[in-house]
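The lines below spell out each chain.
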Amino acid sequence: MEAALPEGPGAPQPHAQGAVSAFASLLRRIKGKLFTWNILKTIALGQMLSLCICGTAITSQYLAEKYEVNTPMLQSFINYCLLFVIYTVMLAFRSGSDNLLYILKRKWWKYILLGLADVEANYLIVRAYQYTTLTSVQLLDCFGIPVLMALSWFILHARYRVIHFIAVAVCLLGVGTMVGADILAGRENNSGSNVLIGDILVLLGASLYAVSNVCEEYIVKKLSREEFLGMVGLFGTIISGLQLLIIEYKDIASIHWDWKIALLFVAFALCMFCLYSFMPLVIKATSATSVNLGILTADLYSLFFGLFLFGYKFSWLYILSFTVIMVGFILYCSTPTRTAEPAESSVPSVTIIGFDNLGLKMEENLQETHSVDL
C-alpha cells in the first residue's frame, strides 16, 4: 500500500508547489536563453572593441591636454595607412574576383563613397567637441543607433522583435545615466562656442557612422572582411591624406616632436587598427546594431581610466550606467533578428531557354482573364 499524504494546515499545498515549480522552470529558461556561450562570447568581443575605443580616447586626450596636439585627421591617416599596407596589399596579390584591380573595375565608385563616409564620420565627431558640450556629444551620438536600425531594415532586410526595441531603450537609458553622472561629477565644464553647429556635426557624424556600419555588415557577410578593410584602407588613405594637407598642415608643423608624442601616436594607431580589424569579425558573428550597443560602454571605460590618469571624480552612477547598458545589450543578443527575403516577382525569370515557357505562361494568363470576363 502507498503511504498516505499528510493532511492539515502543515501539509504542502498543490498550488504552492505548482507556483514554485513554474518559477524554477522560468528561471532555468531565462538562464538558458541569456547566458549561452554565444552571448557570452559576443559580450566579450564587444567589450574588447570598447577597450580599443577607450585606448584611442585616452591617447587623444593625452595629446590634447598635455602636449596641445589636436590633429585628429593625422591620427586617422596613420590608421588608414596601416590598413592599406596590410589589407590592400593582400588584395593586390589575390587572383580572380578577389583581386584588387578586379574589385576596382567593378565597384570603385561605391568604395569611394564608403571611404568618404568613414573618414568624415571620424572627423565630424572629433570636430564637434570644439563647438558643443560633452553631454551633447554623448547623447546625440546615440542618434546613430536608430539610423542604423532603419538602414538595416531597408537595406539588409533585418526584422526586429519587440524585445530588440526594449533592449535599445534600456541601453539609451544607461547612456542617460552616464551623462547625468558626468554632470554631477563636474565634467561638464565646456559650454561650447557654438552649440547648434556642434550638435549638427554630431548628428551628421553619427549618421555617417551608421551608413559605414551597414555597408560593413553587408560586405563582410556577402563578400569578405579583407575586401572591406582593403578598400577602406585604400580610399581612406587618399581622402584623409588630401584633407590632412588642406586642414591640418599648420597644426602638424607646430608639433614639437619627441619620443613621448610619437609613442602616443603609435598607441592611438594600434588601438584604431585593432578596432578596424576585429570589428568585422564581431559584426559577421552578430550584427552592426548589436556591436554599436556593445561599444556604448567605451565612454565608461575611459571614465574609469580617467579616475587615475586625469583625476576624474568617481560616482556610483557610472557603475549603474554600465550595468544598465550591459543588461540592454544582453537582452538584445538574447533573441536573434530575422531576415526578410526580398519579395520575388510573380513574372517568371527570363532566360535563353525559357522564352517559350514565358510566352506560354503569358498566353495562359490571358486566356484565364478572357474566361473570367465572359
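Above: the structure in question.
Below is a short write-up of the structure. Since the model is a prediction, treat every value here as computed from it, not as a measurement.

Let us look at the overall build of the chain. Broken down by element type, the chain carries 15 helices and two strands. Expressed as a percentage of its 374 residues, the buried residues of the chain come to 43%. For the chain, the accessible area works out to roughly 21,300 Å², and carbon and sulfur atoms hold 67% of it.

Our next topic: helix α9 (residues 225–247). For α9, built from 23 residues, the straight-helix expectation of 33 Å at 1.5 Å per residue is met to within 8% by its first-to-last C-alpha distance of 31 Å. For α9, the buried fraction is high: 18 of the 23 residues fall into the buried class.

Next up on the list: the nonpolar core. Residues Leu83 and Met231 are the most contacted members of the largest nonpolar core, which totals 52 residues. Contributions of two or more residues to this core are made by α2 (37–65), α3 (72–92), α4 (100–128), α6 (144–155), α8 (195–222), α9, α11 (259–285) and α12 (288–294). If one sorts the elements of this core by residue count, α11 sits on top with 11 residues. In this structure, Ile39, Ala181, Leu300 and Cys333 belong to the second largest nonpolar core, which totals 25 residues.

Under the defined criterion, the tally for this structure stands at six aromatic pairs. Look at tyrosine 80 and tyrosine 276: their rings are 6.1 Å apart centre to centre, the planes differ by 80°, and that puts the pair in the edge-to-face class. You can see tyrosine 80 sitting in helix α3 and its partner tyrosine 276 sitting in helix α11, a full 196 residues away along the chain. Both residues of the pair, tyrosine 80 and tyrosine 276, belong to the buried class. Between tryptophan 257 and phenylalanine 265 the ring centres are 5.3 Å apart and the planes differ by 40°, which places this aromatic pair in the tilted class. Overall, the relative accessible area of 47% leaves tryptophan 257 in the partly exposed class.

What follows deals with the pattern of salt bridges. Note that side chains of opposite charge can pair when their charged atoms are close. For the coordinates displayed, the defined rule picks out four salt bridges. A salt bridge links lysine 107 to glutamate 227, with the nearest nitrogen and oxygen atoms 2.9 Å apart. One end of the pair, lysine 107, is in helix α4; the other, glutamate 227, is in helix α9, and 120 residues separate them in sequence. Look at glutamate 227 and you get buried, because its relative accessible area is 3%.

This next bit is on the environment of leucine 82. Relative to the elements of secondary structure, leucine 82 occurs in helix α3. With relative accessibility at 31%, the residue leucine 82 sits in the partly exposed group. Sequence separation between leucine 82 and leucine 234 is 152 residues, and the spatial gap between their C-alpha atoms is 9.9 Å. Not counting chain neighbours up to four residues away, the residues in contact with leucine 82 comprise Ala269 and Phe273.

Moving on: a nonpolar patch on the surface. Nonpolar side chains collect at one region of the surface, where Phe84, Val85, Ile86, Val89, Met90 and Phe93 lie side by side and expose about 550 Å² of accessible area between them. With respect to the secondary-structure elements, isoleucine 86 resides in helix α3.

The next thing to look at is α3. With 21 residues, α3 should reach 30 Å at 1.5 Å per residue; the first-to-last C-alpha distance of 29 Å fits that figure. Residue phenylalanine 84 marks the point of greatest curvature in α3, where the axis turns by about 35°. Considering only its buried residues, α3 is in contact with α2, α4, α9, α10 (249–253) and α11.

Our focus in this paragraph is the packing of α4 against α8. For any two helices packed against each other, one specifies the crossing angle of their axes together with the interaxial distance. Interhelical geometry of α4 versus α8 gives an angle of 145° and a closest axis separation of 8 Å. Here the hand of the crossing between α4 and α8 comes out left-handed. The segment α4 lies against α8, with Tyr111, Leu114, Ala117, Asp118, Glu120, Ala121, Asn122, Leu124, Ile125, Arg127 and Ala128 engaging Gly198, Leu201, Val202, Leu204, Gly205, Ala206, Leu208, Tyr209, Ser212, Cys215 and Ile219. A breakdown of the residues in the contact of α4 with α8 according to their chemical character gives 15 nonpolar, four polar and three charged.

One can describe the packing of α2 onto helix α14 (residues 316–334) by two numbers: an axis separation of 10 Å at closest approach and a directional angle of 130°. Classified by the angle their axes make, α2 and α14 are oblique. Crossing handedness for the pair α2 and α14: right-handed. Residues Ile39, Thr42, Ile43 and Gln47 of α2 pack against Phe322, Met326, Phe329, Ile330, Cys333 and Ser334 of α14. Here the residues of the contact of α2 with α14 sort into seven nonpolar, three polar and no charged.

With that settled, the discussion passes to the state of the cysteines. The tally for this structure, following the rule as stated, stands at zero disulfides. Left unpaired, cysteine 142 is separated from the closest cysteine sulfur, that of cysteine 171, by 9.3 Å. With no disulfide of its own, cysteine 333 lies closest to cysteine 171 among cysteine sulfurs, the gap being 8.9 Å. Exposure remark for cysteine 333: the relative accessible area of 17% places this residue in the buried category.

Turning to its location among the elements, glutamine 47 is positioned in helix α2. Residue glutamine 47 is classed as buried on the basis of its relative accessible area, which comes to 10%.

Further remarks concern the side chain of serine 334. Mapped onto the secondary structure, serine 334 falls in helix α14. Within the local environment of serine 334, its side chain forms a polar contact with the backbone oxygen of leucine 331, the two atoms lying 2.6 Å apart.

Reading the values: the criteria
- Along each chain, the written sequence defines residue order, and numbers are assigned to residues from 1.
- Predicted model: local features are reported for residues with pLDDT of at least 70 only, side-chain atom pairs are reported and counted for 80 or more only, and whole-chain, interface and lining totals are derived from all residues.
- Based on all heavy atoms of the structure, the side-chain values leave hydrogens and waters out of the count.
- Helix and strand definitions here come from DSSP, where helices need a minimum of 4 consecutive H or I residues and strands a minimum of 2 consecutive E residues; each element is numbered from the N-terminal end.
- Residue exposure (1.4 Å probe, protein chains only): buried if accessible area is under 20% of the type maximum, exposed if over 50%, otherwise partly exposed.
- All accessible-area figures derive from a Shrake-Rupley calculation using a 1.4 Å probe, and residue coverage is judged against the displayed protein chains alone.
- Every helix has an expected span of 1.5 Å times one less than the residues it contains.
- Here, nonpolar core refers to any group of buried Ala, Val, Leu, Ile, Met, Phe, Trp, Tyr and Cys residues whose side-chain atoms link them within 4.5 Å.
- Pairs were defined over the aromatic rings of Phe, Tyr and Trp, the Trp ring being its six-membered one, requiring ring centres within 6.5 Å. Orientation was assigned from the angle between planes: stacked under 30 degrees, edge-to-face over 60, tilted for the rest.
- Salt bridges are identified by distance alone: a Lys or Arg side-chain nitrogen within 4 Å of an Asp or Glu carboxyl oxygen.
- Contact criterion: two residues are considered in contact whenever any of their non-hydrogen atoms come within 4.5 Å of each other.
- Like-charged residues are merged into a patch within 9 Å and nonpolar side chains (Val, Leu, Ile, Met, Phe, Trp, Tyr) within 5 Å, provided each residue has over 30% relative accessible area and no salt bridge.
- At every residue, the bend is computed as the angle between two fitted axes, covering the seven residues ending there and the seven beginning there respectively.
- In this analysis, axes come from line fits to C-alpha atoms, helices being fitted only over the stretch in contact, and the angle between any two N-to-C directions falls in the range 0 to 180 degrees.
- In a left-handed crossing the near helix is turned counterclockwise from the far helix by less than a right angle, and in a right-handed crossing that turn is clockwise.
- Amino acids are sorted into nonpolar (Ala, Val, Leu, Ile, Met, Phe, Trp, Tyr, Cys and Pro), charged (Asp, Glu, Lys and Arg) and polar (every other residue, Gly among them).
- Each angle is binned into one of four classes, with values under 35 degrees roughly parallel, values over 145 roughly antiparallel, values of 65 to 115 roughly perpendicular, and all other values oblique.
- In plain terms, two cysteine sulfur atoms within 2.5 Å form what is called a disulfide here.
- Here a polar contact means two N or O atoms within 3.5 Å. Within protein one must be a hydrogen donor candidate and the other an acceptor candidate, and residues neighboring in sequence count only if both atoms are side-chain atoms.

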